[in-house]
Amino acid sequence: MSTHYTQLGLVNTRAMFDKAVDGGYAIPAYNFNNMEQLQAIIMACVEEDSPVILQVSSGARKYANQTLLRYMAQGAVEYAAELGNPIPICLHLDHGDTFELCKSCIDMGFSSVMIDGSQHPYEKNVELTAQVVEYAHKFDVTVEGELGVLAGIEDDVQAEKHVYTQPDEVEDFVKKTGVDSLAISIGTSHGAFKFKPGTDPKIRLDILHEIEKRIPRFPIVLHGSSSVPQDIVAEINQFGGKLKDAIGISEEQLRLATKSAVCKINIDSDGRLAMTGAIRRVFVEKPAEFDPRKYLGPARQALKDLYKHKCRTVLGSAGHAKD
Ligand code: G3H
Ligand code: 13P
Ligand code: ZN
């Protein structure tokens, strides 16, 4: 039996993106795999009055079980209302790689899916993306496609180098597939090691602007947008971690991107770092603790602080839940 996302109180991305493009801000897309991450996301976005996209990757599905995650997202809708602010919440499949996976998520209540055909040749990417769009739109589920390849690791797929999105392809891709938003490759990458030490990390805002000229106001998505806060990296290393040369996208670059048609910014690694730093600290400072709540609690607080900061001072989504 299938469930439509509206029965769960979720929303798709259409209205969110329209408002974000007009308002010059980006919707946070935070990945979650467990309860503490989800609680932190919801508490932060409720307090900051921000719309939010909850992202589930294939890895998250394998780790936590798709059905459990779906029910958790449904619970998140009620939790936000209970906290006194029923913010718009979207449940999104991150980096779906097959039609079957996207269909399965749509059928069980996801309100948005990404079909990532970026590893395929252009024509195959168009064909696969169009197939997902055709199915998803029957249920008013929104679809994100991708053109160009990000360097780094996406699930089990590793790309050595960026293949930047070619501005000349975007109009044709959007027209042929009918996608609702487009993830592009302009120098961001997944994980905590995005740039070589000693370089001046910059993303290709020039390519972004070329893309915007070809498809004005069309919703653009940035993956791999963690900033890898250096105070958190230092905390991890201070308490026994070994993260050498972890470098991310500067908050300033992200702020600039939000002023364009970039209306969804994906952040996962920063949350992983924040949790790890907080847990390592407890393990070192209070080695006698063995109640998981005593280290997952501080981890949840660190995550919440991080997400609040992102909404308020990086993405600019704070205060836009009721636009
Ligand atoms: O883009 C990748 C996301 O950070 C999800 O990572 O596949 O390890 O869950 P994951
Ligand atoms: P980060 O690894 O930079 O957090 O990117 C996450 C992402 O793009 C999820 O799709
Ligand atoms: Zn991604």
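The coordinates are above.
Here we summarise the structure given alongside this text. Being a predicted model, the structure only gives us computed values, none of them experimental.

1. Some points on the coordination of the zinc ion (ligand 3)
So, step 1. The zinc ion (ligand 3) binds to the protein through H95 (NE2), H190 (NE2) and H223 (ND1), with metal-donor distances spanning 2.1 Å.
So, step 2. Between consecutive donor residues of the zinc ion (ligand 3), the sequence gaps follow H-x94-H-x32-H. Placement of H190 in the loop between strand 8 (181-184) and helix 8 (205-214) and of H223 in the loop between strand 9 (220-222) and helix 9 (230-238) is noted, with a sequence separation of 33 residues between them. Each member of the pair, H190 together with H223, is buried.

2. Focus: the site of ligand 2
So, step 1. Close to ligand 2 lie 16 residues, the nearest being D94, K194, S226, D268 and S269.
So, step 2. Residue H95 places a side-chain N or O atom 3.2 Å away from an oxygen atom belonging to ligand 2.
So, step 3. N266 places a polar side-chain atom, nitrogen or oxygen, 3.1 Å from an oxygen atom of ligand 2.
So, step 4. Relative to its unbound accessible surface of 310 Å², ligand 2 loses 96% to contact with the protein.

3. Brief notes about the pattern of salt bridges
So, step 1. Scanning the model with the defined rule gives 24 salt bridges in all.
So, step 2. Of the charged contacts, one joins E47 and K304 as a salt bridge, the two residues approaching to 2.7 Å between their closest N and O atoms. Placement of E47 in helix 2 (residues 35-48) and of K304 in helix 12 (residues 292-315) is noted, with a sequence separation of 257 residues between them.
So, step 3. The partly exposed category is assigned to E47, whose relative accessible area is 45%.
So, step 4. For K304, a relative accessible area of 12% puts it in the buried group.
So, step 5. Salt-bridge contacts for D268 lead to R272; the nearest nitrogen and oxygen are separated by 2.9 Å.
So, step 6. Look at D268 and you get buried, because its relative accessible area is 17%.
So, step 7. Residue classification places R272 among the partly exposed residues on the basis of a relative accessible area of 47%.

4. Notes on the packing of aromatic side chains
So, step 1. Tallied over the entire structure, the rule returns 5 aromatic pairs.
So, step 2. With a centroid separation of 6.2 Å and 55 degrees between ring planes, the pair formed by Y122 and F173 is classed as tilted. Of the two residues, Y122 is situated in helix 6 (residues 122-138) and F173 in helix 7 (residues 167-177); the sequence distance between them amounts to 51 residues. Just as Y122 is buried, F173 falls in that class too.

5. Side note on the state of the cysteines
So, step 1. Under the criterion given, the structure shown has 0 disulfides.
So, step 2. Summary of cysteine pairing: C263 is not part of a disulfide, and the nearest cysteine sulfur, belonging to C90, is at 11 Å.
So, step 3. Taking relative accessible area as the criterion, C263 reaches 0% and is therefore assigned buried.

Thresholds, definitions, all that
- Residues numbered from 1 in each chain as written.
- Chains lettered and ligands numbered in written order.
- Predicted model: local features only at pLDDT ≥ 70, side-chain atom pairs only at ≥ 80, totals over all residues.
- Heavy atoms only, no water.
- Donors = N, O, S within 2.8 Å, 3.2 Å for Na, K, Ca; no water.
- Helix = DSSP H or I, 4+ residues; strand = E, 2+ residues; numbered from the N terminus.
- Buried < 20%, exposed > 50% of the residue type's maximum accessible area, 1.4 Å probe, protein only.
- Near = heavy atom within 4 Å.
- Polar contact = N/O pair within 3.5 Å; in protein donor to acceptor, adjacent residues only side chain to side chain.
- Areas by Shrake-Rupley, 256 points an atom, 1.4 Å probe, with all protein chains shown as cover.
- Salt bridge = Lys/Arg side-chain N within 4 Å of Asp/Glu carboxyl O.
- Phe/Tyr/Trp six-rings, centres within 6.5 Å; stacked < 30°, edge-to-face > 60°.
- Disulfide = S-S within 2.5 Å.

Just distances and angles here, no functional claims.
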